[in-house]
Amino acid sequence: MTANPRRQLRPTDVKRLNRTWRRNTEGRLALILESVTGPFNIGSIFRTAAAFGVERIWLAGNATLPTNPKAQKTALGTDRLVAWEEPVPALDAVRAARAEGFTVIAVELTGDAVPLHEAKLGGDVCLVVGSEDHGCSPALLEAADAVCYIPQVGRVGSFNVAVATAIAVAEARRREWAGKEPPGEHED
């Protein structure tokens, strides 16, 4: 223990802390990004995915590639840490995710969507987000195993797609980690 526990961790300490959380993480996460075209959104999503241990991203529709220079500016090289697939039709991405053993859950506002905090996020989950303008396509929503939404209490109708993705991925991991002892709690 250091003399000042409130000091920011050094890079080596951060790596050690992250390694401990990785050991406490068993669930597999993946993403399908349907027609997400904003390069800064793509870069941000890849950075979030890398931070939370998302193992694969399927790009669908006319999604922007993470190799786009503007996406690279936001991703800061994290796209090399997450496996990703070239854009395919959305239903092909859903089939590929299922073939890899994932349950496909769209994050979208629909009449049958459940609040994110009630969604079944256990096991191997592939979260789906749609385009900045129109969200998920009707065909993708029909193909998904379930749909959930992020409750909002403000006067804004929706989140930015990169923010929504971060919230959903963080909730999936939070659920997995709930009840587990935080890393370092009983280290000598």
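One can find the structure itself at the top, above this paragraph.
Residues numbered from 1 in each chain as written. Predicted model: local features only at pLDDT ≥ 70, side-chain atom pairs only at ≥ 80, totals over all residues. Heavy atoms only, no water.

S.K.: What exactly am I supposed to notice about the pairing of strand β6 (residues 125-129) here?
M.R.: Where a strand is regular, its side chains alternate between the two sheet faces. Within β6, five of the five residues are buried, leaving the element largely enclosed by the surrounding structure. Burial along β6 is two-sided: the residues Val-125, Leu-127 and Val-129 and Cys-126 and Val-128 are all buried. With five bridges joining them, strand β1 (residues 29-34) and β6 adopt parallel strand pairing. Across the sheet, residue Leu-33 finds its bridge partner in β6, namely Val-129. Taken together, the four bridges between strand β4 (residues 103-107) and β6 define a ladder with parallel strand orientation. For Ala-106, the partnering residue across the bridge sits in β6 and is Val-128. (Buried < 20%, exposed > 50% of the residue type's maximum accessible area, 1.4 Å probe, protein only. Helix = DSSP H or I, 4+ residues; strand = E, 2+ residues; numbered from the N terminus. Pairing = 2+ DSSP bridges.)

S.K.: Before we go on, may I ask you to explain the sheet that holds strand β2 (residues 56-60) in this structure?
M.R.: Strand pairing in a sheet takes place through backbone hydrogen bonds and is either antiparallel or parallel in direction. Strand order in the open sheet made by the seven strands is β3-β2-β1-β6-β4-β7-β5, with parallel pairing throughout. Of all strands in the sheet, those bounded by a partner on one side alone are β3 (83-88) and β5 (114-115). The sheet contact formed by β2 and β3 spans four bridges and is parallel. Bridge pairing in β3 links Arg-56 to Ala-83. Sheet strands in contact with helix α6 (residues 161-177) are β1, β4 and β6, and its direction is about 160° off that of β1. (Contact = heavy atoms within 4.5 Å. Axes fitted to C-alpha atoms, helices over the stretch in contact; angles between N-to-C directions.)

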